Amino acid sequence: MHIRLARPDECSELPAIERSAAELFRGSSQAAVADGDVSPADFHRPLAVQGLVWVAEDGGRLTGFAACELFEDALHIWELAVRREAQGHGAGRALVMAAVAEARRRRAPAVTLTTFRDIAWNAPFYASCGFAEVLEEAFNPRLAWIRARETKLGLEAAARCAMRLTLMPAP
Ligand SMILES: CC(C)(COP(=O)(O)OP(=O)(O)OC[C@H]1O[C@@H](n2cnc3c(N)ncnc32)[C@H](O)[C@@H]1OP(=O)(O)O)[C@@H](O)C(=O)NCCC(=O)NCCS
């Protein structure tokens, strides 16, 4: 398995990876995610053009991806997904580390994301990568907008948390 930047034309493969990855939620407290919508290729393509989408490749097949966007305050991980049959072999952690390395390279102050608080492969996993929760009262307008959008899409606010890996202390 190796991690590399995605070519924009490969983004058409990413929705199927996200759908396969979401099967992990079946039987969990967030089972609805398994049948939820996934981001379309058009969402990922402009991010890939900017060199902000990484893929895990195994034997010539794409098995996972991380799609990120650079903001003034942080590199934000929008999606992280590994095909159901490829999970548990280190691709997810390697994709997060690729995004963190790029954030450092671009001198972003932090890496951020939102995730499910009580799902083992969500917040506890990111905590093991060095992320810490951002409490709602400390949200900046960008994180507040993301939370509001998630709530509008039907995600229970109490089940979600925002997380941040600080790379540079605030001035
Ligand atoms: C999250 C995800 C991308 C991790 O990918 P992965 O390749 O399986 O991850 P890794 O093999 O690198 O494992 C990383 C850690 O995730 C956690 N983890 C992975 N699968 C797990 C599972 N089935 N149950 C509990 N924890 C799990 C473990 O903490 C693991 O660390 P460890 O190997 O040191 O114990 C993958 O589980 C996935 O696609 N999940 C569905 C989509 C999702 O939840 N995306 C994140 C949205 S914020």
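Residues numbered from 1 in each chain as written. Predicted model: local features only at pLDDT ≥ 70, side-chain atom pairs only at ≥ 80, totals over all residues.

Caption draft 1: Structural detail: the overall build of the protein chain. Within the protein chain, the regular secondary structure consists of five helices and seven strands. Secondary structure elements of the protein chain occur, N-terminal to C-terminal, as β-α-α-β-β-β-α-β-α-β-α-β. Across its three principal axes, the protein chain shows a C-alpha extent of roughly 45 × 40 × 30 Å. Taken across its 171 residues, the protein chain has 32% of its residues classed as buried. (Helix = DSSP H or I, 4+ residues; strand = E, 2+ residues; numbered from the N terminus. Buried ≥ 20, exposed ≤ 12 C-beta atoms within 10 Å, placed from the backbone.)

Caption draft 2: Spatial organisation of helix α5 (residues 141-152). In this model, α5 (12 residues) spans 16 Å end to end at C-alpha, consistent with the 16 Å of a helix rising 1.5 Å per residue. Across the 12 residues that make up α5, only a small minority, one, are buried. Looking one or two residues past α5, Gly 154 carries a phi angle of roughly 100 degrees, positive in sign. (Expected span 1.5 Å × (residues − 1).)

Caption draft 3: Focus on the site of the ligand. If you check the shell around the ligand, you find 19 residues, and the closest are Ala 21, Gln 87, Gly 92, Arg 93 and Ala 120. At the level of elements, α1 (14-22), β4 (75-82), α3 (91-105) and α4 (123-128) are the ones that each hand at least two residues to the shell around the ligand. Classifying every residue of the shell around the ligand gives 10 nonpolar, eight polar and one charged. (Near = placed C-beta within 6 Å. Nonpolar A, V, L, I, M, F, W, Y, C, P; charged D, E, K, R; others polar.)

Caption draft 4: Molecular detail of the pairing of strand β5 (residues 110-116). Taken across its seven residues, β5 has seven buried, putting it largely inside the fold. Taking the sense of rotation as the criterion, the β-α-β connection linking β4, α3 and β5 turns out right-handed. Pairing between β5 and strand β7 (residues 160-166): seven bridges, direction antiparallel. Residue Thr 114 lies in a different strand from β7, and its bridge partner there is Ala 162. (Right-handed = clockwise from strand over helix to strand, strands pointing away. Pairing = 2+ DSSP bridges.)

Caption draft 5: Spatial organisation of the environment of Gln 50. Positionally, Gln 50 belongs in the loop between α2 (41-49) and β2 (53-58). Along the backbone, Gln 50 and Glu 69 are 19 residues apart, and their C-alpha atoms lie at a distance of 8.6 Å.

Caption draft 6: Spotlight on the sheet that holds β5. If you walk across this open sheet you meet the seven strands as β1-β2-β3-β4-β5-β7-β6, and the pairing is mixed. Lying at the two open borders of the sheet, with one neighbouring strand each, are β1 (2-5) and β6 (132-134). With direction set aside, neighbouring strand axes in the sheet form an average angle of 30 degrees. Bridge count for β4 against β5 is two bridges, and the pairing is parallel. Looking at the pairing, His 76 lines up with Thr 112 of β5. Sitting on the sheet, α2 touches β2 and β3 (61-70), and the angle it makes with β3 is about 75 degrees. Across the sheet, α3 touches β1, β2, β3, β4, β5 and β7, and the angle it forms with β3 is around 35 degrees. (Axes fitted to C-alpha atoms, helices over the stretch in contact; angles between N-to-C directions. Contact = placed C-beta atoms within 7 Å.)

Caption draft 7: The arrangement of the nonpolar core in detail. Residues Phe 65, Ala 66, Leu 95, Ala 99 and Val 111 are the most contacted members of the largest nonpolar core, which totals 42 residues. When neighbours within four sequence positions are excluded, Ala 66 is seen to be in contact with Trp 54, Ile 77, Glu 79, Leu 80, Leu 95, Val 96, Ala 98 and Ala 99. (Core = buried A, V, L, I, M, F, W, Y, C linked by C-beta atoms within 7 Å.)

Caption draft 8: Broad picture of the environment of Ala 110. Structurally, Ala 110 can be placed in strand β5. Its 21 C-beta neighbours within 10 Å are what place Ala 110 among the buried residues. Separated by 42 residues in sequence, Ala 110 and Lys 152 place their C-alpha atoms 26 Å apart.

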